[in-house]
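# Observations on chain architecture
One letter stands for each residue in the lines below.
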Amino acid sequence: MKCTKCGFENEDGAAFCGGCGEDLSSENIMNTLDENAKKTEKKPKKNRKAKKEKASDAEKALKRKRFKIVLIAAAIIIVVIAVVILVLMNMPSAGEKVLKNVPIGRDLAYAEAKTDCDFVAVSKYEAIKSLGEFDNVCEGNLTIKIEGVSFPEWAITVSLANDDTINRVTYYDFSQLQKNWKGHHSSKEIDQSVIEYGMKRKAVDRALGFTPYSIIKGIDNTVTNVYRYYYSDEITGNDVVCNFYVVFNDVDESVKNVYVNELDYIDFMIAAI
């Protein structure tokens, strides 16, 4: 008979264990077996609880890891989107690319070959015909509406000298006026002193907070940026629309002069400049 306590092999019928003295009566053996069975039953419960806790901790760790991965991915996507937006904002429009390649002092045929665009004598838009005196015009393909009037998305006009060479090029970005012919909204009148002599173009754009609606290149090596904006007059409460002109030296792109013209609705509809 094997002792249930110490495992010592006793003779059959022994009353006590020869190894540890344990009572080997049937009743005591049964009680001991019951106790061992209960202990055995309790252990799996503890193991299951421990396993559950371990599994729960592992799930939480996995969730935290996934959350970190999602945050990192979201941050990367935001950075990429921001970079793309900045690149797109700083990319020249189709009209600006044409303007850049129109050569001052060369004939129209050379300009057309250089830009791969046609400069026609008569615009298909009545509003463009009212821009002022020019000899030829190149227009964007997209038509937009400003105050119900049709305009090309952009247009470039050229004026020719007596020898038929280009002496003036003017670019118009009419898409800037599509939402409002008055242009950029400003909380107040822009003080001309914010633009200092010698400032560079990018610095001027930053100082004003918006980009030019029109750009004029002249034979005198100047480039004039025209910034269209409006503000509310504190006394009358009426909107005052202005063209803010900044003249640059085309060689070093530094500011040479600044002046402002006030406009009204009739000026815009008739002259559109």
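Residues numbered from 1 in each chain as written. Predicted model: local features only at pLDDT ≥ 70, side-chain atom pairs only at ≥ 80, totals over all residues. Heavy atoms only, no water.

## Some points on a positive patch on the surface
Formally: For patch building, the residue pool is restricted to those with more than 30% relative accessible area and no salt bridge; the joining distance is 9 Å between like charges and 5 Å between nonpolar side chains (Val, Leu, Ile, Met, Phe, Trp, Tyr). Using a 1.4 Å probe, the Shrake-Rupley method yields the accessible areas, and only the shown protein chains count as cover for residues. Salt-bridge detection follows one rule: a side-chain nitrogen of Lys or Arg within 4 Å of a carboxyl oxygen of Asp or Glu. By the counting scheme adopted, Arg and Lys are positive, Glu and Asp are negative, and His together with the chain ends is not counted. Each charge is placed at NZ for Lys, CZ for Arg, CG for Asp and CD for Glu. In this description a helix means any DSSP run of H or I spanning at least four residues, a strand means any run of E spanning at least two, and both kinds are numbered starting from the N terminus.
A cluster of basic residues, Lys-60, Lys-63, Arg-64, Arg-66 and Lys-68, forms a positive patch on the protein surface. Structurally, Arg-64 is set in helix α1 (residues 26-90).

## Notes on a nonpolar patch on the surface
Where nonpolar side chains cluster on the molecular surface, the patch consists of Ile-72, Ile-76 and Val-80 and spans about 280 Å² of accessible area. Residue placement: Val-80 occurs in helix α1.

## A few points about the pairing of strand β1 (residues 136-139)
Rules: Between buried and exposed lies partly exposed: a residue is buried under 20% and exposed over 50% of the maximum accessible area for its type, with that area taken using a 1.4 Å probe on protein chains only. Two strands are said to pair when DSSP picks up at least two bridges between them.
Burial of the side chains of β1 extends over both faces: Asn-136 and Cys-138 are buried on one face and Val-137 and Glu-139 on the other. The pairing of β1 with strand β4 (residues 154-160) spans four bridges and is classified as antiparallel. Pairing of Glu-139 across the sheet is with Ala-155, part of β4.

## Concerning the packing of aromatic side chains
Geometrically, a pair of aromatic rings is defined through the distance of the ring centres and the angle of the planes. Note the cut-off: Stacked, edge-to-face and tilted are the three classes for Phe, Tyr and Trp ring pairs, Trp counted by its six-membered ring, which pair at centre distances within 6.5 Å; planes under 30 degrees apart are stacked, over 60 edge-to-face, the rest tilted. When the NZ atom of lysine or the CZ atom of arginine is within 6 Å of a ring's centre and also within 35 degrees of its normal, the charge is said to sit over that ring.
According to the stated counting rule, one finds eight aromatic pairs in the structure shown. Seen from their ring centres, Tyr-172 and Tyr-213 are 6.2 Å apart, and the 55 degrees between their planes marks the pair as tilted. Taken together, the residues span a long stretch of sequence, with Tyr-172 in strand β5 (residues 166-173) and Tyr-213 in the loop between α5 (201-208) and β7 (214-218) at a distance of 41 residues. Each of the two residues, Tyr-172 as well as Tyr-213, counts as buried. Three or more aromatic residues link up through ring pairs in this structure, and these residues are Phe-151, Tyr-172, Phe-174 and Tyr-213. Lying over the aromatic face of Tyr-230, Lys-182 brings its terminal NZ or CZ to 5.3 Å of the ring centre. Its guanidinium or amino end placed over the ring of Phe-248, Arg-201 lies 5.6 Å from that ring's centre, counting from NZ or CZ.

## Description of the state of the cysteines
By definition, a disulfide links two cysteine residues through a covalent bond between their sulfur atoms. Quick note on the threshold: Cysteine sulfur atoms are paired as a disulfide whenever they come within 2.5 Å of each other.
Tallying each qualifying case throughout the model produces zero disulfides. Cys-117 provides the cysteine sulfur closest to Cys-138, a residue in no disulfide bond, and the two sulfurs are 4.1 Å apart.

## Quick look at a negative patch on the surface
Side chains of Asp-107, Glu-133, Asp-135, Asp-163 and Asp-164 sit close together on the surface and give a patch of like negative charge. Among the structural elements, Glu-133 can be located in the loop between α4 (126-129) and β1.

## Some remarks on the side chain of Thr-170
Going by this rule: Residues count as neighbours in contact if any of their non-hydrogen atoms are within 4.5 Å of one another.
Structurally, the position occupied by Thr-170 is in strand β5. What makes Thr-170 buried here is its relative accessible area of 5%. Those residues within four positions of Thr-170 in sequence are excluded, and the remaining contacts are Ala-155, Ile-156, Thr-157, Ser-214, Ile-215 and Ile-216.

## Observations concerning the confidence of the model for the protein chain
To keep it simple, the criterion reads: Along the chain, pLDDT gives the predictor's confidence residue by residue, from 0 to 100.
Predicted confidence across the protein chain gives a mean pLDDT of 83, with 80% of residues reaching 70 or more. Throughout residues 84-91 the model reports pLDDT below 50, and contacts reaching past four residues in sequence, or to other chains, amount to zero contacts.

## Section: unusual backbone geometry
Of note in the backbone geometry, Glu-147 takes a positive phi value of approximately 55 degrees without being a glycine. Tracing the backbone through its elements, the reader meets Glu-147 in the loop between β2 (143-146) and β3 (149-152). Glu-147 gets classed as partly exposed once you look at its relative accessible area, which sits at 45%. Of note, the phi angle at Asp-164 is positive, near 65 degrees, even though the residue is not glycine. Tracing the backbone through its elements, the reader meets Asp-164 in the loop between β4 and β5. Under the relative-accessibility criterion, Asp-164 is labelled partly exposed at 48%.

## Some thoughts on the pattern of salt bridges
A pair can form between side chains of opposite charge whenever their charged atoms are brought close. Taken as a whole, this structure holds four salt bridges when the rule is applied. Of the charged contacts in the structure, one is a salt bridge between Lys-129 and Glu-126, with a shortest N-O distance of 3.0 Å. With Lys-129 and Glu-126 both in helix α4 and three residues apart, this pair spans about one turn of that helix. When its relative accessible area of 57% is taken as the criterion, Glu-126 is described as exposed.

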